[in-house]
Amino acid sequence: MLIHNTYPTDHYRALDAAHHLHPFSDTRSLNAGGVRVIVKGEGVWLTDSDGNRILDGMSGLWCVNIGHGRPEIAEAVQQQMAEISYYNTFFKTTHPPAVELAALIAEVTPEGFNRVFFCGSGSEANDTMLRMVRTYWATLGKPDKQTIIARRNAYHGSTVAGASLGGMTPMHAQGGLPIPGIHHIGQPYWFDEGGDLTPAEFGLKAARELEAAIDQIGEDKVAAFIAEPIQGAGGVIIPPDTYWPEVARICRERDILFVSDEVICGFGRLGSWFGAEHFGMKPDLMPIAKGLSSGYLPIGGVLVSDKVAGVIEDTGEFNHGFTYSAHPVCAAAAIANLKILREEKLVERVRDDIGPYLRERWLKLGDHPLVGEARMTGLMGALELVPAKPSRRRFAGNGSIGLRCREHSFRNGLVMRHVHDSMVIAPPFVLTHGEADELIRLATLTLDMTHADLKRDGLMG
């Protein structure tokens, strides 16, 4: 649907091409095609500079949990900037937003979590986690416990440490990554890697790669295992039911810390406050960001269990921090965001209402001739695109079909992200039933158009 607007698209595209280097982008290709200029957000809807209204099926970048355009956030930010727009939390200093946010977070965390170390993003949170984990073991007199085990195709940020922890080979191909002390094991991705195993069998097999890695490296050298409850940027990879209980056993028996990366899953995305809770896990640390402020301002942190916090306190000075740790204005935005989540019971809404409503309709897309599997937990979903059902065989190439599908989706007025040849969504929690129906209608239209293209090109089996 077109609405009137006064933003000159060509003007912004020209300036953007001349001066702006975008993240995760081929700059020449991007500038040749022209960027999409988003000028307004309201609820689950975006408007671009040509007046097109687009359903934001990705919550911005997995983060706008409470929806766009909430005046409560703007008011909280304005009020805080009028009081004190910035001060640091170094030098024996704090300020009310930092204290109030830390206390509010502690009210919604699982039992045994009462401390948070603030930073500016999920990437910074995972850098912080790495240093904290190694400091923890050194303080306990085990300085050789340095190695952190992570998973291939995981995403933990794009700083040097965050990208090293992540298991994405295109990132490792640039900048001399990963850094030493990171070891990657397989992911619990049954659709792509399960072969002839049942999901239950494959879940156990994937989990036991952790145990094999500990044996290979040596338990006295392994500090922690880090994993997302559901791999987001990897393609909404939902582990088989057997996976997490086996991982819990291994971490418990082998004396290594478990880090649940909650940057995407935290603050309600799976229908519980944290993804670890959804899967019954008891982590030692939880990096957070995105949903902490619903993306309204940049803020992140590491939730630190009492077990780890007590040891860090014994360290003396922890020589780590950021200029913008607990930035007062960002903290004020996060406080307002958490209050909205609680007062409007949006986490419960994901669990009991819109999550099940959308999931029932999303899973029916698995009947489409182009879809090999449809899956969803909470408000995270994926569609696997395949040339012939019921085979799990992939299209030739590296994600070109998913890219084609994504472009159809945007033109149809729906933001769906492609991860290779998987299509993923993570809409805001305020999605109504009617908007969910519209999301499914647009997704179906997109699949139909992509399928028609592939049949025309002789690419369907």
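Our subject is the structure listed above.
Residues numbered from 1 in each chain as written. Predicted model: local features only at pLDDT ≥ 70, side-chain atom pairs only at ≥ 80, totals over all residues. Heavy atoms only, no water.

Draft legend 1. Geometry of the overall build of the protein chain. Along the protein chain, the regular secondary structure elements total 18 helices and 14 strands. Computed over C-alpha atoms, the radius of gyration of the protein chain comes to 22 Å, within 12% of the 23 Å expected from 2.2 N^0.38 for 461 residues, which places it in the range of a compact globule. Referenced to the eigenvectors of the C-alpha coordinate spread, the extents of the protein chain come out at roughly 65 × 60 × 45 Å. Put simply, the protein chain has 461 residues, and 55% of those count as buried. When contacts within the protein chain are restricted to residue pairs at least 6 apart in sequence, those whose partners lie at least 24 apart make up 72%. (Helix = DSSP H or I, 4+ residues; strand = E, 2+ residues; numbered from the N terminus. Rg over C-alpha atoms; globule rule 2.2 N^0.38 Å. Buried < 20%, exposed > 50% of the residue type's maximum accessible area, 1.4 Å probe, protein only. Contact = heavy atoms within 4.5 Å.)

Draft legend 2. The pattern of salt bridges, seen in detail. Here the structure, examined in full by the defined rule, presents 26 salt bridges. E107 is paired through a salt bridge with R342; the nearest N and O atoms lie 2.5 Å apart. Taken as a pair, E107 in helix α5 (residues 96-108) and R342 in helix α14 (residues 328-343) lie far apart in primary sequence, 235 residues in all. Among the residues examined, E107 registers a relative accessible area of 52% and is labelled exposed. By relative accessible area, which is 36% here, R342 ends up partly exposed. It is possible to trace a salt-bridge network through shared partners that takes in R208, E211, D215, E246, R249, E253 and R254. (Salt bridge = Lys/Arg side-chain N within 4 Å of Asp/Glu carboxyl O.)

Draft legend 3. Here's a closer look at the sheet that holds strand β13 (residues 417-419). What the four strands build is an open sheet, ordered β11-β12-β14-β13; its pairing is antiparallel. Edge positions in the sheet fall to β11 (371-377) and β13, since each of these pairs with one other strand and no more. Along the sheet, successive strands turn relative to each other by an average axial angle of 20°, direction set aside. The pairing of β13 with strand β14 (residues 422-425) spans three bridges and is antiparallel. Following the sheet pairing, R417 is matched in β14 by V424. The strands touched by helix α16 (residues 354-363) within the sheet are β11, β12 (380-385) and β14, with β11 carrying the most contacts at an inclination of about 175°. (Pairing = 2+ DSSP bridges. Axes fitted to C-alpha atoms, helices over the stretch in contact; angles between N-to-C directions.)

Draft legend 4. Up close: the sheet that holds strand β1 (residues 38-42). Read across the sheet, three strands follow the order β1-β2-β3 without closing on themselves; strand pairing throughout is antiparallel. Among the strands making up the open sheet, the edge pair consists of β1 and β3 (53-55). Put simply, the sheet's adjacent strands are angled 30° from each other on average, direction ignored.

Draft legend 5. Here's a closer look at the state of the cysteines. Under the defined criterion, the tally for this structure stands at zero disulfides. Left without a disulfide partner, C251 is nearest to the cysteine sulfur of C265, which lies 17 Å away. Considering cysteine sulfurs only, C119 is the nearest to C330, which forms no disulfide, with 11 Å between them. (Disulfide = S-S within 2.5 Å.)

Draft legend 6. The arrangement of the pairing of strand β7 (residues 222-227) in detail. Most of β7 is tucked away: six of the six residues are buried. Bridging between strand β5 (residues 147-151) and β7 involves three bridges; their strand directions are parallel. Bridge pairing links I149 to F225 in β7. For β7 and strand β8 (residues 257-260), the ladder comprises four bridges, and the chain directions are parallel. The residue of β8 that forms the bridge with A224 is L257. Once you follow β7 into helix α11 (residues 243-254) and on to β8, the crossover reads as right-handed. (Right-handed = clockwise from strand over helix to strand, strands pointing away.)

Draft legend 7. Summary view of unusual backbone geometry. For the bond running from L177 to P178, omega is -5°, close enough to zero to count as cis. At the junction of K389 and P390, the peptide bond is cis and its omega measures out at 5° in the coordinates. With respect to the helices and strands, the residue P390 is situated in the loop between β12 and α17 (400-412). Backbone geometry places K92, a non-glycine residue, at a positive phi of 60°.

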